[in-house]
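# Coordinates in review
One letter stands for each residue in the lines below.
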Amino acid sequence: MKTISENRAFGGVQGVYSHASDACGCDMTFGLFLPQEAERDPVPVLWYLSGLTCTHENAMVKAGAQNWAAEAGVALVFPDTSPRGAGVANDAAFDLGQGAGFYVNATEAPWAPHFRMWDYVTEELPRLLFSAFPLAQERQAITGHSMGGHGALTVAMSFPGRFRSVSAFAPICHPTGSDWGRKQFTAYLGPDEAKWAGHDATLLMRRRGFDGPILIDQGASDQFLDLLRPEALSEAMAVRRQEGSFRMQKGYDHSYFFVASFMEEHLGFHARALYD
């Protein structure tokens with residue numbers, strides 16, 4: 001692992017690191033904020049999965065999360081959204097290829113050799129982080145925005161007991177039922193829709209739900225509402241009687257201005273679960 005940068009922030013340290021990834025077959029970069037409490041003891045950790053076109057850096061510099069994480073004594077992990085590099089397959093479209101890993105393990109050409117983001121964020125990166133940094137493995141939570149909200153929800157529901165809470169900002173809620181999902185799942189996973197179901201938050205909610213509290217914020221003026229399908233997940237949560245809140249925020253769009261506006265509430269939500 002290589003240290004790219006470390007900067008003092010809100011009494012803690014915002015670091016950026018890279019390492020050779022076996023899962024993705026290339027070098028991967030991630031951001032990690034450690035609050036001041038990490039100088040003494042392992043601290044709880046909140047994963048933040050970013051959306052389409054993003055790298056590890058977008059949320060790290062735009063979401064305004066470090067201030068609230070420092071107050072709560074919680075670490076923040078900012079993984080990248082896809083494998084990258086000259087030998088990694090790509091596409092001219094912004095919603096496929098580098099920057100658009102969709103947090104799945106691709107099985108189809110040309111994506112299969114590198115696009116194994118599910119294994120990366122659920123196995124390889126956690127193993128590295130918990131061995132190298134003072135993080136409390138038994139106290140984890142996860143959140144994300146857009147494609148990252150899709151990833152946060154599907155990962156949380158697929159690993160019962162790992163995360164104490166999950167939240168999302170404008171997540172892709174029902175990818176098997178929209179053009180934002182069907183295109184990518186066909187490319188990465190092939191035409192068999194049975195293989196898609198484990199990466200659809202609405203279908204997972206119907207089948208198993210989450211064993212903790214959920215908080216979802218969706219901008220009512222989001223320009224991508226038809227692709228996100230928030231109503232499908234909201235209905236599935238109601239039918240399951242899932243513990244949680246799904247909030248439509250009047251006037252807000254899909255941008256990081258929206259994310260930053262509600263980040264304090266999401267950090268507080270997770271802090272309560274992590275320190276319960």
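Heads up: the structure comes first, above all this text.
In what follows, the accompanying structure is described. Position numbers for residues start from 1 in each chain and track the written sequence from start to end. Local features in this predicted model are restricted to residues of pLDDT 70 or higher, and side-chain atom pairs are both shown and tallied only at a pLDDT of 80 or more, whereas totals for entire chains, interfaces and linings draw on every residue. Only heavy atoms go into the side-chain values, all of them from the structure, while hydrogens and water stay out.

Our next topic: the environment of serine 146. Within the fold, serine 146 resides in the loop between β6 (135-144) and α4 (147-158). In this structure, the C-alpha to C-alpha distance between serine 146 and alanine 220, residues 74 residues apart in sequence, is 14 Å. Excluding residues within four positions of it along the chain, serine 146 makes contact with Gly51, Phe169, Ala170, Pro171, Ile172, Trp180, Leu228 and His254. Numbered from the N terminus, helices here are DSSP runs of H or I no shorter than four residues, and strands are runs of E no shorter than two. We call two residues in contact when some of their heavy atoms are within 4.5 Å.

The next point concerns the packing of aromatic side chains. Whether two aromatic rings pair depends on their centres lying within 6.5 Å, for rings of Phe, Tyr and Trp, where Trp uses its six-membered ring; planes under 30 degrees apart make the pair stacked, over 60 edge-to-face, and the rest tilted. A full pass over the atoms with the stated rule returns 15 aromatic pairs. Ring plane angle 35 degrees and centroid distance 5.0 Å describe the contact between tryptophan 180 and phenylalanine 224, whose orientation is recorded as tilted. Residue tryptophan 180 is found in helix α5 (residues 179-189), and its partner phenylalanine 224 is found in the loop between β8 (214-219) and α7 (225-228); the two are separated by 44 residues along the sequence. Residue burial is assigned from relative accessible area. The probe radius is 1.4 Å, only protein chains are included, and a residue is buried under 20% of its type maximum, exposed over 50%, and partly exposed in between. The class of tryptophan 180 is buried, set by a relative accessible area of 5%. Look at phenylalanine 224 and you get partly exposed, because its relative accessible area is 25%. Where tyrosine 252 meets phenylalanine 262, the ring centres are 4.9 Å apart and the plane angle is 70 degrees; that geometry is what we call edge-to-face. Linking tyrosine 252 in the loop between β9 (244-249) and α9 (256-274) with phenylalanine 262 in helix α9, this pair joins segments that are 10 residues apart in sequence. Residue tyrosine 252 is classed as partly exposed on the basis of its relative accessible area of 30%. Its relative accessible area of 8% is what places phenylalanine 262 among the buried residues. The structure contains a cluster of three or more aromatic residues connected by ring pairs, namely Phe169, Tyr252, Phe258 and Phe262.

The set of residues buried in α5 consists of Trp180, Gly181, Gln184, Phe185, Ala187, Tyr188 and Leu189. The arc that holds the buried residues of α5, viewed along the axis, is 165 degrees, so those residues lie on one side. Those residues of α5 hidden inside the fold are in contact with α4 and α7. Glycine 190 lies just past α5 and shows a positive phi near 90 degrees. Note: the arc covers the axis-to-C-beta directions of the helix.

Our focus in this paragraph is empty space enclosed by the protein. Whether a set of points on the 1 Å grid over the protein atoms alone is a cavity depends on a 1.4 Å probe fitting there but being unable to get out, while an open set qualifies as a pocket with protein on both sides within 12 Å along at least five of seven lines; lining residues are those with an atom within 4 Å of a point. Grid points are joined across faces, edges and corners, and a volume is the space filled by probe spheres set on the points. Scanning all chains against the criterion turns up 1 cavity of 30 Å³ or more. Roughly 30 Å³ of internal volume is contained in the largest cavity. Surrounding the largest cavity, Trp47, Val121, Thr122, Ile142, Val155, Arg162 and Phe163 form its lining. Its residues placed into classes, the lining of the largest cavity shows 5 nonpolar, 1 polar and 1 charged. In this count, Pro and Cys sit with the nonpolar residues alongside Ala, Val, Leu, Ile, Met, Phe, Trp and Tyr, while Asp, Glu, Lys and Arg are called charged and the others, Gly among them, polar.

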